[in-house]
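Breakdown of the fold
Take a look at the letters that make up each chain.
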Amino acid sequence: MAEIIAEGQVKLKADITQLKAGMQEANENITKFGRSVQGLSSLTSIAYAAMGGIVLKTMGDMTIASAQFEARFRAFTNIVEGDSQRFLNSLKQASRGTISEMELVTAANNALLLGIEQDQLPRLLEASTKIGAAVGRSSTEAFNDIVLGIGRQSKLILDNLGIIINLDEAYKQYAKTLNKSVEALSQYDKTMAITNEV
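Here is a short report on the structure shown in this document. Keep in mind the model is a prediction, meaning the values are calculated, not measured. (Residues numbered from 1 in each chain as written. Predicted model: local features only at pLDDT ≥ 70, side-chain atom pairs only at ≥ 80, totals over all residues. Heavy atoms only, no water.)

Examining the overall build of the protein chain
Short version of the rule: The helix count covers DSSP runs of H or I at least four residues long, the strand count covers runs of E at least two residues long, and both are numbered beginning at the N terminus. Here the term buried applies to any residue with accessible area under 20% of the maximum for its type, exposed to any over 50%, and partly exposed to those in between, with areas from a 1.4 Å probe on protein chains only. To be clear on the numbers: accessible area is Shrake-Rupley with a 1.4 Å probe, and residue cover counts the displayed protein chains and nothing else.
A tally of helices and strands in the protein chain yields 9 helices and 0 strands. The order of α-helices and β-strands along the protein chain, N terminus first, is α-α-α-α-α-α-α-α-α. Relative to its 198 residues, the protein chain shows a buried fraction of 34%. Accessible area of the protein chain: about 11800 Å², with a carbon and sulfur share of 55%.

Put into structure tokens, the structure is as follows:
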């Protein structure tokens, strides 16, 4: 696992180095081009300079986004049990491509940290695409709200999505499956009880 992360870090550093070199070359080419058009009006030169600035800014933004994704994916890899890339692929399939990888990794990290079982996430993602469409929300928004509602055991958040759950009844039914009393349920047990109802 550490070897995969190390390889990813080396690749990311190499990609960033190549991107910086490419940005440097682009900047030099823009400068050369600017010199070659000195005979043009000042307005045209300014327009070309602005376009070059936009290109450089876009490349910089892409570098930042790539670094952010790598950091979140590393955290995802540390949290997920088993093959993290395979699990990400299952999440992409469950969301039917309606959620970007960055948003999937971020949402999955949040869900897992809130105590939702990993094997429940694909099912919850499938539900979120249907629920989101029904209530006029994106799949990402619906999934984030489902995760937050389950993780915080918030009937109100789930109600806003049209998911009506009687928490007392859900806890009672789950306690029966564990041969426990409702009072003996842990926070984890209560989270699982709600997850099973969604």
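A closer look at the packing of aromatic side chains
Applicable threshold: Stacked, tilted and edge-to-face pairs are distinguished by plane angle, under 30 degrees for stacked and over 60 for edge-to-face with tilted covering the rest, among Phe, Tyr and Trp rings (Trp via its six-membered ring) whose centres lie within 6.5 Å. Working rule: Lys NZ or Arg CZ, within 6 Å of ring centre, within 35 degrees of ring normal, means a charge sits over the ring.
This model, assessed by the stated rule, comprises 0 aromatic pairs. In this structure, Lys190 is placed above the aromatic ring of Tyr171, and the distance from its NZ or CZ to the ring centre is 5.4 Å.

A look at the side chain of Gln153
So the rule is basically this: Under this definition, polar contacts are N or O atom pairs within 3.5 Å; protein pairs additionally need one hydrogen-donor-capable and one acceptor-capable atom, and for neighbouring residues in sequence, both atoms have to be side-chain atoms. Any two residues whose heavy atoms approach within 4.5 Å are treated as being in contact.
Relative to the helices and strands, Gln153 is located in the loop between helix 6 (139-151) and helix 7 (155-160). For Gln153, a relative accessible area of 16% translates into the label buried. At a separation of 3.1 Å, a polar atom in the side chain of Gln153 contacts the side chain of Tyr171. A distance of 3.0 Å separates the side chain of Gln153 from the side chain of Gln187, its partner in a polar contact. Setting aside residues no more than four positions away along its own chain, Gln153 makes contact with Leu148, Leu167, Tyr171, Gln187, Lys190, Thr191 and Ile194.

Looking at helix 5 (residues 121-135)
The line we're drawing: A helix's residues, less one, multiplied by 1.5 Å, set its expected span.
When the terminal C-alpha atoms of helix 5 are compared, their 20 Å separation across 15 residues agrees well with the 21 Å that a helix rising 1.5 Å per residue should span. Those residues of helix 5 not exposed but buried are Leu121, Pro122, Leu124, Leu125, Ala127, Ser128, Thr129, Ile131 and Gly132. Turning to helix 5, the residues buried within the fold contact helix 3 (84-94), helix 4 (101-113), helix 6 and helix 9 (187-197). The first or second residue beyond helix 5 is Gly136, which carries a positive phi of 75°.

Considerations on the environment of Glu81
For Glu81, the location among the structural elements is in the loop between helix 2 (42-79) and helix 3. On a C-alpha basis, the gap between Glu81 and Gln118 in space is 7.9 Å, while along the polypeptide they are 37 residues apart.

Points about the packing of helix 5 against helix 6
We count it as follows: Simply put, an axis is a line fit to the C-alpha atoms, just over the touching stretch for a helix, and the angle between two N-to-C directions goes from 0 to 180 degrees. Oblique is the label for every angle not falling under 35 degrees (roughly parallel), over 145 degrees (roughly antiparallel), or within 65 to 115 degrees (roughly perpendicular). The crossing is said to be left-handed when, going from far helix to near helix, the turn is anticlockwise and less than a right angle, and right-handed when the turn is clockwise. The classification used treats Ala, Val, Leu, Ile, Met, Phe, Trp, Tyr, Cys and Pro as nonpolar, Asp, Glu, Lys and Arg as charged, and all other residues, Gly among them, as polar.
One can describe the packing of helix 5 onto helix 6 by two numbers: an axis separation of 8 Å at closest approach and a directional angle of 125°. The angle between helix 5 and helix 6 falls in the class oblique. By crossing handedness, the relation of helix 5 to helix 6 is classed as right-handed. On helix 6, the residues touching Leu121, Leu124, Leu125, Ser128, Thr129, Ile131 and Gly132 of helix 5 are Ser139, Ala142, Phe143, Ile146 and Ile150. A breakdown of the residues in the contact of helix 5 with helix 6 according to their chemical character gives 8 nonpolar, 4 polar and no charged.

Description of the nonpolar core
Where we set the bar: Buried Ala, Val, Leu, Ile, Met, Phe, Trp, Tyr and Cys residues form a nonpolar core when they are joined through side-chain atoms within 4.5 Å.
Core analysis: the largest hydrophobic core is formed by 39 residues, its most contacted members being Phe76, Leu91, Leu121, Leu124, Ile146, Ile163 and Ile165. Sorting the residues of this core by element identifies helix 2, helix 3, helix 4, helix 5, helix 6, helix 8 (167-178) and helix 9 as the ones contributing at least two each. Broken down by element, the residue count for this core peaks at 6 residues, all from helix 4. The residues touching Leu121, leaving out its near neighbours within four places in the chain, are Phe87, Leu91, Ala108, Ala111, Leu112, Ile116 and Phe143.

Section: unusual backbone geometry
At Arg96, a residue that is not glycine, the phi angle is positive and equals roughly 55°. Its location among the elements puts Arg96 in the loop between helix 3 and helix 4. Phi angles above zero are rare outside glycine, and Gln153 is one such case at about 55°.

Considering the packing of helix 3 against helix 5
Here helix 3 crosses helix 5 at 25°, and the two axes come no closer than 8 Å. Here helix 3 is positioned roughly parallel relative to helix 5, judged by the angle of their axes. When you trace helix 3 past helix 5, the crossing you get is right-handed. When helix 3 is examined against helix 5, the residues Phe87, Ser90, Leu91 and Ala94 are found in contact with a partner set consisting of Leu121, Pro122, Leu125, Glu126 and Thr129. Looking at the contact of helix 3 with helix 5 residue by residue, the class counts come to 6 nonpolar, 2 polar and 1 charged.

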